[in-house]
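Structure assessment
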Amino acid sequence: MAPARQQPPPLYSKDEKVLCFHGELLYEAKVMDVQSGEKSGNGEAWEYKIHYKGWKKTWDDWVGKDRIRPFDDEHKELAAQLHAQAKRSMQATAKQTTKTSKVGNDSTRGSEERGSAAVQGGRGGRRGKDWELEQEDAFHSKPMINIPVPDHVQAMLVDDWENITKNNQLVPLPHPKPVSKIFQDYLAYEAPRREEGSASMDILEEVIAGFREYFEKALSRILLYRFERHQYMDVRKLWDNVDEKSEYKSVCDVYGAEHLARLIVSLPELLAQTNMDQQSVSRLREEVSKFTSWLGRNTETYFVSEYETPSQEYVDKARSF
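The model shown is predicted, which means the values in this text are computed figures rather than measured ones.

1. Description of the packing of aromatic side chains
- Going through the model one piece at a time under the given rule, you end up with 17 aromatic pairs.
- Ring geometry for Y232 versus W239: centroids 5.8 Å apart, planes at 50 degrees, classification tilted. Taken as a pair, Y232 and W239 share a single burial class, namely buried.
- Taking the centre distance of 5.9 Å and the plane angle of 35 degrees together, the rings of F291 and W294 count as tilted. Of this pair, F291 and W294 both sit in helix 9 (residues 278-297), separated by three residues, roughly a single helical turn. Comparing F291 with W294 shows no difference in burial state: the two are buried.
- Through a chain of ring-to-ring contacts, the aromatic side chains of F183, Y186, Y189, F211, F291, W294 and Y302 assemble into a single cluster.

Quick look at the structure:
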């Protein structure tokens, strides 16, 4: 007779202080009780009875491990960012009396308007060809992912916009700490915090792979300001027709944190056009928020300290591009 499979111990214990998701927000909570998931037959090894701090007992709930997070500094910071973003979103919704204008794509970042709108955390102006009303309604009915962006990163994006569109400067390329290096460092930081072979580890790797693909496809289409497009034409030869020895195999090996941050503030609009269900949206939002929080703590490492001033010849060509 085969021995019974030993059940792993519960991740959280009775009376432990934790953070727990209710909807898309994290709240301080306490584990009131722990029971085997076999009682409910939901496939969970363990279930945890959660009481949310400051809430009535009628809100107490039995939840699985996927909704609980440790009560540590990293997740408390994430919780604060999620609540701050939700507050800003509600304030923006209260002020909005009409819908934004029509959806459109502009490879020069909306004649430099998109950048200034994006760093404010809003959806930005929509320009381009007129769409049918039902198409616009379908777009707005899809779930939006409000991704918290640390205030100092938003401030850096404002400086980035001014440096390029007002001061005629450029991010030095190839970047000393390219996007591929950023993703590599984040995986090295985050992977040891997750169990090897777990669903959480699989999600982490999938999100980073998806992030990379989005960046590669979005860079030339929506992430560049008009003044940068001539630079893009100059540097694209680094990854076009490369050989095996080349260190520049894609845009991720050439561009860095400044353009990656522009992608992050553009993600809500981009992901709203996908067909993800709400559970996937919530999980993706958490993963991207954790990455953004980590990037925000390491801005001095990955963002350039100075932009470069191009030649007058470049300025003339860029203006006529």
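2. Some thoughts on the environment of V288
- Within the secondary structure, V288 is located in helix 9.
- Judged by relative accessible area, which is 4%, V288 ranks as buried.
- Discounting chain neighbours no more than four positions away, the residues touching V288 are I147, F211 and L267.

3. Re the packing of helix 6 (residues 199-223) against helix 8 (residues 257-271)
- Between helix 6 and helix 8, whose axes approach to 10 Å, the crossing angle comes to 95 degrees. Looking at the two axes, helix 6 sits roughly perpendicular to helix 8. Across from F211, Y214, F215, A218, L219, I222 and L223 in helix 6, the residues of helix 8 making contact are H259, L260, R262, L263, I264, S266, L267, L270 and L271.

4. A closer look at the nonpolar core
- In this structure, F211, F215, Y255, L260 and F291 are the most contacted members of the largest nonpolar core, which totals 53 residues.
- Counting only elements with at least two residues in this core, the list comes to helix 4 (151-165), helix 5 (179-190), helix 6, helix 7 (229-235), helix 8, helix 9 and helix 11 (312-320).
- Tallying contributions element by element places helix 6 first for this core, with ten residues.
- Listed in part, the eleven residues of the second largest apolar core include C20, W46, Y48 and I50.

5. Quick notes on the confidence of the model for the chain
- Averaged over all residues, the pLDDT of the chain is 78; the fraction at 70 or higher stands at 76%.
- With pLDDT under 50 throughout, residues 93-108 is counted as low confidence; its partners more than four residues away or in other chains account for 35 contacts.
- Counted against residues more than four places away or in other chains, residues 113-141, with its pLDDT under 50, gives 56 contacts.

6. Considering the sheet that holds strand 2 (residues 25-36)
- Pairing is antiparallel across the open sheet formed by five strands, whose spatial order is 4-3-2-1-5. Where the open sheet ends on each side, the last strands, each with one partner, are strand 4 (61-63) and strand 5 (68-70). Ignoring which end each strand starts from, the neighbouring axes of this sheet average 50 degrees apart.
- Across three bridges, the pairing between strand 1 (residues 17-22) and strand 5 is antiparallel. From the neighbouring strand, C20 faces strand 5, where its bridge partner is I68.

7. Quick look at helix 9
- Its 20 residues place the ends of helix 9 29 Å apart at the C-alpha level, agreeing with the 28 Å of an ideal helix rising 1.5 Å per residue.
- Among the 20 residues that make up helix 9, 15 are buried, leaving the element largely enclosed by the rest of the structure.

8. Remarks on the pattern of salt bridges
- A complete count under the given rule lists 19 salt bridges for this structure.
- A salt bridge links E190 to K290; the nearest nitrogen and oxygen atoms lie 3.1 Å apart. On the criterion of sequence distance, the pair formed by E190 in helix 5 and K290 in helix 9 is long-range, its members being 100 residues apart. In this structure, E190 and K290 share a single accessibility class: buried.
- Here E213 ties to K217 by a salt bridge, and the two come within 3.0 Å at their closest N and O atoms. In this pair, E213 and K217 are both assigned in helix 6, four residues apart and thus about one turn of the helix distant.
- Since its relative accessible area comes to 47%, K217 is described here as partly exposed.

9. Remarks on unusual backbone geometry
- The omega angle of the peptide bond from L173 to P174 is -5 degrees, so this bond is cis rather than trans.
- Tracing the sequence through the fold places P174 in the loop between helix 4 and helix 5.
- In this model, N168 sits at a positive phi of 55 degrees, which is unusual for a non-glycine residue.
- Its location among the elements puts N168 in the loop between helix 4 and helix 5.

Calculation rules
- Residues numbered from 1 in each chain as written.
- Predicted model: local features only at pLDDT ≥ 70, side-chain atom pairs only at ≥ 80, totals over all residues.
- Heavy atoms only, no water.
- Phe/Tyr/Trp six-rings, centres within 6.5 Å; stacked < 30°, edge-to-face > 60°.
- Buried < 20%, exposed > 50% of the residue type's maximum accessible area, 1.4 Å probe, protein only.
- Helix = DSSP H or I, 4+ residues; strand = E, 2+ residues; numbered from the N terminus.
- Contact = heavy atoms within 4.5 Å.
- Axes fitted to C-alpha atoms, helices over the stretch in contact; angles between N-to-C directions.
- Parallel < 35°, antiparallel > 145°, perpendicular 65-115°, else oblique.
- Core = buried A, V, L, I, M, F, W, Y, C linked by side-chain atoms within 4.5 Å.
- pLDDT = per-residue confidence, 0-100.
- Pairing = 2+ DSSP bridges.
- Expected span 1.5 Å × (residues − 1).
- Salt bridge = Lys/Arg side-chain N within 4 Å of Asp/Glu carboxyl O.

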